[in-house]
Amino acid sequence: DKNRELADAHAEIKALKYSERLKEKAVNELSEELQKVDEKLKAAEAVLETKNLEIKRINEEKKAALAAQFAAEATLRRVHAA
């Protein structure tokens, strides 16, 4: 009877150790996947930041072009009025 209990306990320990190894493997795989996703996120954020800076630059150029256009139109009006 003691031998059977000992064998059962040994089998349970073996099963628990196997289960723990599987959990550790799953955690490692998930950690690696999380790292890959995090790297992709950082790359996407960098691209987004670059695009936002490009949009800002284009908007500034547009404002400058409109200001130049208004100045040129004002000069034309003055020339025609003179």
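Analysis parameters
Going along each chain's sequence as written, the residues are numbered from 1 onward. The predicted nature of this model means local features are confined to residues of pLDDT at least 70 and side-chain atom pairs, given and counted, to a pLDDT of 80 or more, with totals for whole chains, interfaces and linings taken over all residues. Note: side-chain values were computed over all heavy atoms of the structure, leaving out hydrogens and water. Numbering of helices and strands runs from the N terminus, with a helix taken as a DSSP run of H or I at least four residues long and a strand as a DSSP run of E at least two residues long. A radius of gyration in this sense is built from C-alpha atoms; the matching globule rule multiplies 2.2 Å by the number of residues raised to 0.38. Three labels apply to residues, based on accessible area from a 1.4 Å probe with only protein chains included: buried if under 20% of the type maximum, exposed if over 50%, partly exposed otherwise in between. Positive charges come from Lys and Arg, negative ones from Asp and Glu, while His and the chain ends are left out of the count. By convention, the charge on Lys lies at NZ, on Arg at CZ, on Asp at CG and on Glu at CD. Should a side-chain nitrogen of Lys or Arg be within 4 Å of a carboxyl oxygen of Asp or Glu, the pair is scored as a salt bridge.

**Quick look at the overall build of the chain**
The helix and strand inventory of the chain stands at one helix and zero strands. On C-alpha atoms alone, the chain measures out to a radius of gyration of 35 Å, which is more than a quarter above the 12 Å that the 2.2 N^0.38 rule sets for 82 residues. Its C-alpha atoms put the chain at 120 × 15 × 5 Å along the principal axes. For the chain, the proportion of its 82 residues judged to be buried stands at 1%. One finds the centroid of the 17 positive side-chain charges in the chain at a distance of 6 Å from the centroid of its 17 negative side-chain charges.

**What about the environment of A44?**
When you line up the elements, A44 lands in helix α1 (residues 2–81). Here the alpha-carbon distance between A44 and A82, two residues 38 residues apart in the chain, equals 57 Å.

**Let's talk about the pattern of salt bridges**
Under the counting rule described, the total for this entry stands at four salt bridges. With a closest N to O distance of 3.9 Å, R4 and D1 form a salt bridge. For R4, a relative accessible area of 55% corresponds to the exposed category. Residue class for D1 comes out exposed when judged on its relative accessible area of 66%. When the shortest N-O distance is used, the salt bridge between E61 and R57 registers 2.7 Å. With a gap of four residues between them, E61 and R57 both fall in helix α1, about one helical turn apart. Owing to a relative accessible area of 41%, R57 belongs among the partly exposed residues under this scheme. Sharing partners across several salt bridges, the network here consists of D1, R4 and D8.

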